[in-house]
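The primary structure of each chain is shown beneath.
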Amino acid sequence: MVRENEIRDNEVRIEAPERTDASLIFIGRIHTPWTSRLECPRQGRADGPACRIEIFEPWVEALDGVEIFERLEVLYWLHKSRRDLVKQSPANDGKTRGTFALRSPVRPNPIATSIATLIRREGNSLFVRGLDCLDGTPLIDIKPDRTLFTPIAPPQKGDFEVGDETSSC
């Protein structure tokens, strides 16, 4: 069962550090049929309900050309998620995994990403399928699905670099 804020057996909670290292500008808001985590899907579905992504001014012009892509990567801020668990028990069976080994919305920085199918654009709104967030979720960014995108800028040296088993950073 999905939960709101309870701690399950063997989960580990920490006191999150003060939030001082970054800031974001929300470029829009996502409108979905879901108002509670208890009803929201765990993962978006390509055949799921149509959702509307509203883009705020002055970012509307940034949508120019987006219609040529069948799928978009949508990044959003899970504004109602807790941020204090380092070990979680998603099956509620006492077995835990580290937060970074899960796709749980409970994260130190609750950034989510979905590959959404673009239905259409109407002015400052995109209609998509494949989201898994609550109505009113703040939008961070939209990008063409990387599997459909070929860089437009001229190539640079790093584009052709390959590694081997002995190289490291």
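Quick note: structure is the one above.
Residues numbered from 1 in each chain as written. Predicted model: local features only at pLDDT ≥ 70, side-chain atom pairs only at ≥ 80, totals over all residues. Heavy atoms only, no water.

Peer 1: Describe the sheet that holds strand β1 (residues 12–13), and please don't skip the residues or the numbers.
Peer 2: Spatially, three strands are ordered β1-β5-β6 in an open sheet, and the strand pairing comes out antiparallel. Edge positions in the sheet fall to β1 and β6 (97–98), since each has one partner strand and no second. Pairing of β1 with strand β5 (residues 85–88) involves two bridges; the strand directions are antiparallel. Across the sheet, the residue bridging to V12 is K87, located in β5. (Pairing = 2+ DSSP bridges. Helix = DSSP H or I, 4+ residues; strand = E, 2+ residues; numbered from the N terminus.)

Peer 1: I'd like a description of unusual backbone geometry, backed by residues and values.
Peer 2: Here the bond from E57 into P58 is cis, since omega is 5°, no more than 30 degrees from zero. Position of P58 relative to the elements: it lies in the loop between β3 (51–55) and β4 (71–77). One non-glycine residue, N10, adopts positive backbone phi at about 70°. Structurally, N10 can be placed in the segment before β1. A positive phi angle, near 55°, is found at N92, a position not held by glycine. Assignment of secondary structure puts N92 in the loop between β5 and β6. For N92, a relative accessible area of 46% translates into the label partly exposed. (Buried < 20%, exposed > 50% of the residue type's maximum accessible area, 1.4 Å probe, protein only.)

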